[in-house]
Amino acid sequence: MKYRAIIHEAWAMTQTNKKLIWAFAFVPAVLTTIVSMVYLTYQVAAFYTSPYLNPTIPEDKDALTVVFNTLVASFQGNPGMTVFFLIIVALIVIAYLMVPVFTQGALIQTLARLRAGQELPLVESFTYGFTRFLPLFEYNLAIKGFSLVSLLGDAAFAFRNLGPSVFSFLGWIFLFAIVVGLAVTLLFTFAEFYIVIDQEKVVASMIKSSGLVVRQWHHTLFMLLLMSVIILRVILNLLVALVIPALVIAPFLLFTSMTYTIIGVVVGGILALVALYFTSYFLGIFHMFVTGVWTFTFLELTAHEKNDINLHEAAVHQEA
């Protein structure tokens, strides 16, 4: 399999189909960036207020308690605004859980058909997202606990709340879980593509993906490199999640010190929106490129196996 050709083809497809970035990659990138920003900000605050890491912090000033007390006080003072805020948060969370799954199904099928020479209108591409949404959503729920971010989040929670002494024992368990999670993620590399392109059921797609990975062992190094790209993307998301709060807080603190609070809020908000826009667009391009690489790799490997089966059948007929 020509790896460079696949990567070049995926990049060319990304550059010549910018409308797909806006339709199926930009909005998921916006949602992922916002959620990552909030999640990482909370993690930093939770570590800072952990009694094991910062003994000077009072017990009732840990991050989770502060958030809860703030919501309660806000509800008592202005219940209407608090309910409105919670509804907005709920809608963002629901969109974060559903929109990326929908767009991923549409993007995989569209890229596969474009590679086959079919020109698809966006309306038809959206149809593919709807038709494979439920099995993709079920699959994502099934493997979410094995993701690197989820396992690291669980380890961070245990470290903050149980302390270094207890975590020194549990750390080996989490390390083992991370290794298992990476192995499971590798085996299920092509499950989404079996679900979308071959329209397999969830369990069947997992089994077929594992079989394809094991049989094509000589391409394992290439798949590991692709896995590294995805991990780098996650790290990039986390780094970006640190930059955006800094852009908001820095002008706010600057102008607040000058008694210009409103100006600080406005400037910080504008800079945050600009950073969110460019970051999401960049991540959208990267996501479409990575999806293209995986899609074309799946098509190449399955086509190669079908050719091997056909050659074997032809040889058997000749011997007969």
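Residues numbered from 1 in each chain as written. Predicted model: local features only at pLDDT ≥ 70, side-chain atom pairs only at ≥ 80, totals over all residues. Heavy atoms only, no water.

**Q** Just give me the short version of the overall build of the protein chain, but keep the residues and values in it.
**A** Regarding its fold elements, the protein chain presents 13 helices and zero strands. Secondary structure elements of the protein chain, listed N to C terminal, follow the sequence α-α-α-α-α-α-α-α-α-α-α-α-α. Within the span of the protein chain, comprising 320 residues, buried residues form 37% of the whole. Intrachain contacts of the protein chain at a sequence separation of at least 6 include 75% that bridge at least 24 residues. In the structure as shown, the protein chain presents an accessible area of about 18,500 Å², 75% of it carried by carbon and sulfur atoms. (Helix = DSSP H or I, 4+ residues; strand = E, 2+ residues; numbered from the N terminus. Buried < 20%, exposed > 50% of the residue type's maximum accessible area, 1.4 Å probe, protein only. Contact = heavy atoms within 4.5 Å. Areas by Shrake-Rupley, 256 points an atom, 1.4 Å probe, with all protein chains shown as cover.)

**Q** How would you summarise the side chain of Arg132 if you had to cite specific residues and measurements?
**A** As for its placement among the helices and strands, Arg132 is situated in the loop between α6 (122-131) and α7 (133-143). Among buried Asp, Glu, Lys and Arg side chains, Arg132 stands out as unpaired, with Glu200 the closest opposite charge at 7.9 Å. For Arg132, the side chain forms a polar contact with the main-chain oxygen of Ile195, separated by 2.9 Å. Residues in contact with Arg132, not counting those within four places in the same chain, are Ile195, Val196, Gln199 and Glu200. (Lys, Arg positive; Asp, Glu negative; His and termini not counted. Salt bridge = Lys/Arg side-chain N within 4 Å of Asp/Glu carboxyl O. Polar contact = N/O pair within 3.5 Å; in protein donor to acceptor, adjacent residues only side chain to side chain.)

**Q** Can you explain unusual backbone geometry? Please cite residues and give values.
**A** Trans peptide bonds make up most of the peptide bonds, and negative phi angles are found at most residues other than glycine. Of note in the backbone geometry, Gln199 takes a positive phi value of approximately 55 degrees without being a glycine. On the secondary structure map, Gln199 appears in the loop between α10 (191-196) and α11 (202-215). Taking the relative accessible area as the measure of exposure, Gln199 reaches 55% and is therefore exposed.

**Q** So what about the nonpolar core? Which residues, and what values?
**A** Residues Leu20, Leu111, Tyr139, Phe190, Phe193 and Phe298 are the most contacted members of the largest nonpolar core, which totals 42 residues. Those elements giving two or more residues to this core turn out to be α1 (3-16), α2 (18-24), α5 (79-115), α7, α9 (164-187), α10, α11 and α13 (261-319). At nine residues, the largest contribution of residues to this core is made by α13. Sequence-distant contacts of Leu111, defined by excluding residues within four places in its chain, comprise Met13, Leu20, Met288, Thr291, Gly292 and Phe296. (Core = buried A, V, L, I, M, F, W, Y, C linked by side-chain atoms within 4.5 Å.)

**Q** Help me get a handle on the side chain of Thr189, residues and values and all.
**A** Within the secondary structure layout, Thr189 lies in the loop between α9 and α10. Apart from residues no more than four positions distant in its own chain, Thr189 is found in contact with Ser209 and Trp294.

**Q** Got a sec to walk through the confidence of the model for the protein chain? Specific residues and values, please.
**A** The predicted model of the protein chain has a mean per-residue pLDDT of 80, with 79% of residues at 70 or higher. Element-level mean pLDDT values for the protein chain span from 62 in helix α12 (residues 220-257) up to 94 in α10. A low-confidence stretch, residues 311-316 stays under pLDDT 50, and its non-local contacts, those more than four residues away or across chains, total zero contacts. (pLDDT = per-residue confidence, 0-100.)

**Q** Quick rundown of the packing of α5 against α6? Include the residues and the values.
**A** Interhelical geometry of α5 versus α6 gives an angle of 125 degrees and a closest axis separation of 7 Å. For the element pair α5 / α6, the angle class is oblique. Every pair of crossing elements has a handedness; the one defined by α5 and α6 is right-handed. Contacts between α5 and α6 involve Phe102, Gly105, Ala106, Gln109, Thr110 and Arg113 from the first element and Ser125, Phe126, Tyr128, Gly129 and Phe130 from the second. A per-class count over the contact of α5 with α6 returns five nonpolar, five polar and one charged. (Axes fitted to C-alpha atoms, helices over the stretch in contact; angles between N-to-C directions. Parallel < 35°, antiparallel > 145°, perpendicular 65-115°, else oblique. Left-handed = near helix turned anticlockwise from the far one by under 90°. Nonpolar A, V, L, I, M, F, W, Y, C, P; charged D, E, K, R; others polar.)

**Q** A description of the packing of aromatic side chains should follow, citing residues and the corresponding values.
**A** Tallied over the full model, the rule gives 18 aromatic pairs. Here Phe47 and Phe159 contribute two aromatic rings whose centre-to-centre distance is 6.3 Å and whose plane-to-plane angle is 40 degrees, an arrangement assigned as tilted. With Phe47 in helix α3 (residues 26-48) and Phe159 in helix α8 (residues 148-162), the pair connects residues that are 112 residues apart, well separated along the chain. Ring geometry for Phe102 versus Phe130: centroids 4.8 Å apart, planes at 55 degrees, classification tilted. Highlighted residues: Phe102 in helix α5 and Phe130 in helix α6, separated in sequence by 28 residues. Classification of Phe130 as exposed rests on a relative accessible area of 61%. Through successive ring pairs, a cluster of aromatic residues spans Trp22, Phe26, Tyr277, Phe278 and Tyr281. The lysine or arginine in question, Arg160, covers the ring of Phe47, its NZ or CZ lying 5.3 Å from the ring centre. (Phe/Tyr/Trp six-rings, centres within 6.5 Å; stacked < 30°, edge-to-face > 60°. Lys NZ or Arg CZ within 6 Å of the ring centre and 35° of its normal.)

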